[in-house]
Amino acid sequence: MNEIEKKTLKTLEYDKILERLAQHAVTDGGKEFALALTPQNSAEKVRALLADTERAKELIGRKGNPDIAAVRDVRGPLSRAEKGGMMSLLELLQVAQIL
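A. Quick peek at the overall build of the protein. A count of helices and strands for the protein gives 6 helices and 0 strands. Along the protein, helices and strands appear, N-terminal first, in the series α-α-α-α-α-α. Scaling as 2.2 N^0.38, a compact globule of 99 residues should have a C-alpha radius of gyration of about 13 Å, whereas the protein reaches 17 Å, well beyond that. Each of the three principal axes of the protein carries a C-alpha extent, and together these read 50 × 35 × 25 Å. For the protein, the proportion of its 99 residues judged to be buried stands at 12%. Carbon and sulfur atoms make up 58% of the accessible area of the protein, which totals about 8,500 Å². Computed over 16 positive and 15 negative side-chain charges, the inter-centroid distance for the protein is 1 Å.

Now the structure itself:
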C-alpha cells in the first residue's frame, strides 16, 4: 500500500470501521479476520467477493443462520496436522463439528 492510500485510509478512519466490525465477530478468528481486511482495488476480486456474499445470503435464506457461537478455533490443530502432526480425539471432534 502506497503513502496516498495509507493517508486516505487514515482520513476515512478505516481502522475505526474495522474495530466496529470486529466487535460484531463471535469468534477470535473472526475478529482477527475483520481487523485484517483491506480495501480491494481489483474489479475482478470485488466481483468474486460479492458473489461469495450473495451465495452466503442465499444459504442463510434457505437454511437459517449458522450457530457460529459454537465454532471452536481449530487453526492450531489444523496447522499442526498440515505439518504431519497428530490431533487429539477432542480436536478431531471439534474439526468434525465445523464440517
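B. The arrangement of the layout of surface pockets in detail. The calculated volume of the largest pocket comes to roughly 590 Å³. Considering the residues around the largest pocket, the lining is formed by 16 residues, among which A25, T27, G30, F33 and I68 are closest to the centre. Listed by contribution, the elements that provide at least two residues to the lining of the largest pocket are helix 3 (28-35) and helix 4 (43-63). Residue composition of the lining of the largest pocket, by class: 11 nonpolar, 4 polar and 1 charged.

C. Examining helix 2 (residues 14-23) more closely. Taken together, the buried positions of helix 2 are occupied by Y14, L18 and A22. In an axial view of helix 2, the angular spread of the buried residues amounts to 80 degrees, which keeps them on one side of the axis. For helix 2, the exposed residues set more than 90 degrees away from the buried face come down to R20 and Q23. Contacts from the buried residues of helix 2 go to helix 1 (3-11) and helix 3.

D. Representation of the pattern of salt bridges in the model. Taken as a whole and judged by the stated rule, the model has 6 salt bridges. With a shortest N-O distance of 3.4 Å, K16 and E13 are connected by a salt bridge. For K16, a relative accessible area of 44% corresponds to the partly exposed category. E13 gets classed as partly exposed once you look at its relative accessible area, which sits at 40%. When the shortest N-O distance is used, the salt bridge between R75 and D73 registers 2.7 Å. Exposure remark for D73: the relative accessible area of 45% places this residue in the partly exposed category.

Rules and cut-offs
Residues numbered from 1 in each chain as written. Predicted model: local features only at pLDDT ≥ 70, side-chain atom pairs only at ≥ 80, totals over all residues. Heavy atoms only, no water. Helix = DSSP H or I, 4+ residues; strand = E, 2+ residues; numbered from the N terminus. Rg over C-alpha atoms; globule rule 2.2 N^0.38 Å. Buried < 20%, exposed > 50% of the residue type's maximum accessible area, 1.4 Å probe, protein only. Areas by Shrake-Rupley, 256 points an atom, 1.4 Å probe, with all protein chains shown as cover. Lys, Arg positive; Asp, Glu negative; His and termini not counted. Charge placed at Lys NZ, Arg CZ, Asp CG, Glu CD. 1 Å grid on protein atoms, 1.4 Å probe; cavity = no way out; pocket = protein on both sides within 12 Å on 5 of 7 lines; lining within 4 Å. Points joined across faces, edges and corners; volume = space filled by probe spheres on them. Nonpolar A, V, L, I, M, F, W, Y, C, P; charged D, E, K, R; others polar. Arc of directions from axis to C-beta. Contact = heavy atoms within 4.5 Å. Salt bridge = Lys/Arg side-chain N within 4 Å of Asp/Glu carboxyl O.

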